[in-house]
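# Close look at the chain arrangement
Residues per chain, in single letters:
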Amino acid sequence: VATVDRPQSRSLHMTKLPNVVGIQSEPFDPDTFSAPIEEEEYRGYVHNMVRWRYKKNTAGAYDRDASGRLLRESNSRIVQW
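For clarity, every value in this text was computed on a predicted model and none was experimentally measured.

## Focus on the side chain of Gln24
Relative to the assigned elements, Gln24 resides in the loop between β1 (22–23) and α1 (35–41). Classification of Gln24 as buried rests on a relative accessible area of 15%. Looking at Gln24, its side chain comes within polar contact range of the side chain of Glu38, at 2.9 Å. Once residues within four sequence positions are removed from consideration, Gln24 is found in contact with Glu38, Tyr42, Met49, Val50, Arg51 and Trp52.

What follows is the structure in C-alpha coordinates.
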(Lines give C-alpha, C1' and ligand atoms only; values in the text may rest on other atoms or scores of the structure.)
Protein backbone atom coordinates (compact mmCIF):
# COMPACT_ATOMS: atom_id res chain seq x y z
CA VAL A 1 0.00 0.00 0.00
CA ALA A 2 1.38 3.39 -0.99
CA THR A 3 1.70 6.17 1.53
CA VAL A 4 0.90 9.75 0.61
CA ASP A 5 1.64 12.88 2.61
CA ARG A 6 -1.18 15.42 2.53
CA PRO A 7 -1.93 18.73 4.20
CA GLN A 8 -4.08 18.40 7.31
CA SER A 9 -6.68 20.79 5.90
CA ARG A 10 -7.52 18.62 2.90
CA SER A 11 -9.01 15.20 2.48
CA LEU A 12 -7.61 12.54 0.20
CA HIS A 13 -9.63 9.77 -1.38
CA MET A 14 -8.09 6.81 -3.17
CA THR A 15 -9.79 4.12 -5.20
CA LYS A 16 -8.91 1.28 -7.50
CA LEU A 17 -10.39 1.74 -10.95
CA PRO A 18 -11.02 -0.95 -13.55
CA ASN A 19 -8.42 -1.05 -16.32
CA VAL A 20 -10.98 0.28 -18.83
CA VAL A 21 -11.17 3.64 -17.03
CA GLY A 22 -8.37 6.16 -17.38
CA ILE A 23 -7.59 9.36 -15.53
CA GLN A 24 -5.90 12.22 -17.33
CA SER A 25 -3.35 13.69 -14.91
CA GLU A 26 -2.80 16.92 -16.85
CA PRO A 27 -5.50 19.61 -17.21
CA PHE A 28 -7.47 19.40 -20.45
CA ASP A 29 -6.47 22.04 -23.00
CA PRO A 30 -8.38 22.10 -26.30
CA ASP A 31 -5.45 23.87 -27.98
CA THR A 32 -3.04 20.98 -27.35
CA PHE A 33 -5.53 18.07 -27.40
CA SER A 34 -4.82 15.43 -30.04
CA ALA A 35 -7.34 12.59 -30.26
CA PRO A 36 -5.08 10.22 -32.28
CA ILE A 37 -2.17 10.63 -29.86
CA GLU A 38 -4.39 10.13 -26.81
CA GLU A 39 -6.06 7.09 -28.38
CA GLU A 40 -2.64 5.51 -28.96
CA GLU A 41 -1.35 6.43 -25.50
CA TYR A 42 -4.39 4.99 -23.69
CA ARG A 43 -4.91 2.00 -26.03
CA GLY A 44 -8.38 3.07 -27.15
CA TYR A 45 -9.89 3.70 -23.70
CA VAL A 46 -10.39 7.42 -24.35
CA HIS A 47 -14.17 7.19 -24.14
CA ASN A 48 -13.85 6.16 -20.48
CA MET A 49 -11.40 8.93 -19.61
CA VAL A 50 -11.81 11.13 -16.53
CA ARG A 51 -10.64 14.59 -17.53
CA TRP A 52 -10.41 17.87 -15.65
CA ARG A 53 -9.59 21.50 -16.37
CA TYR A 54 -9.25 24.79 -14.56
CA LYS A 55 -12.60 26.59 -14.43
CA LYS A 56 -12.95 29.85 -16.35
CA ASN A 57 -15.52 32.59 -15.80
CA THR A 58 -17.55 34.28 -18.53
CA ALA A 59 -14.75 36.80 -19.13
CA GLY A 60 -12.32 33.94 -19.85
CA ALA A 61 -10.22 34.40 -16.71
CA TYR A 62 -9.55 31.52 -14.34
CA ASP A 63 -11.88 31.31 -11.33
CA ARG A 64 -10.35 31.12 -7.87
CA ASP A 65 -11.68 30.16 -4.46
CA ALA A 66 -11.58 32.37 -1.34
CA SER A 67 -7.99 31.25 -0.68
CA GLY A 68 -6.85 32.17 -4.19
CA ARG A 69 -6.50 28.58 -5.45
CA LEU A 70 -7.63 27.81 -8.98
CA LEU A 71 -10.99 26.04 -9.18
CA ARG A 72 -11.22 22.80 -11.14
CA GLU A 73 -14.05 21.14 -12.99
CA SER A 74 -14.33 17.65 -14.41
CA ASN A 75 -16.30 15.64 -16.94
CA SER A 76 -17.05 13.02 -14.30
CA ARG A 77 -19.12 12.53 -11.21
CA ILE A 78 -18.06 10.13 -8.48
CA VAL A 79 -20.98 8.26 -6.92
CA GLN A 80 -20.67 6.31 -3.69
CA TRP A 81 -23.06 3.46 -3.03
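## A few points about the pattern of salt bridges
Summed over all chains, the structure comprises 3 salt bridges. Where Arg51 meets Glu38, a salt bridge forms, and the shortest distance between an N and an O atom there is 2.1 Å. With Arg51 in the loop between β2 (49–50) and β3 (52–54) and Glu38 in helix α1, this residue pair connects regions lying 13 residues apart in the sequence. Of the two residues examined, Arg51 and Glu38, each falls in the buried class.

## A few points about the side chain of Glu38
By relative accessible area, which is 8% here, Glu38 ends up buried. Dropping the residues within four chain positions of it, Glu38 is found in contact with Gln24, Phe33, Val46 and Arg51.

## A closer look at the layout of surface pockets
The space that makes up the second largest pocket amounts to roughly 230 Å³. Along the wall of the second largest pocket there are 13 residues; nearest its centre are Gln24, Pro27, Thr32, Phe33 and Glu38. Across the lining of the second largest pocket, the residue classes break down as 5 nonpolar, 3 polar and 5 charged.

About the criteria used
- Residues numbered from 1 in each chain as written.
- Predicted model: local features only at pLDDT ≥ 70, side-chain atom pairs only at ≥ 80, totals over all residues.
- Heavy atoms only, no water.
- Helix = DSSP H or I, 4+ residues; strand = E, 2+ residues; numbered from the N terminus.
- Buried < 20%, exposed > 50% of the residue type's maximum accessible area, 1.4 Å probe, protein only.
- Polar contact = N/O pair within 3.5 Å; in protein donor to acceptor, adjacent residues only side chain to side chain.
- Contact = heavy atoms within 4.5 Å.
- Salt bridge = Lys/Arg side-chain N within 4 Å of Asp/Glu carboxyl O.
- 1 Å grid on protein atoms, 1.4 Å probe; cavity = no way out; pocket = protein on both sides within 12 Å on 5 of 7 lines; lining within 4 Å.
- Points joined across faces, edges and corners; volume = space filled by probe spheres on them.
- Nonpolar A, V, L, I, M, F, W, Y, C, P; charged D, E, K, R; others polar.

Function cannot be inferred from these measures alone, as they are strictly geometric.
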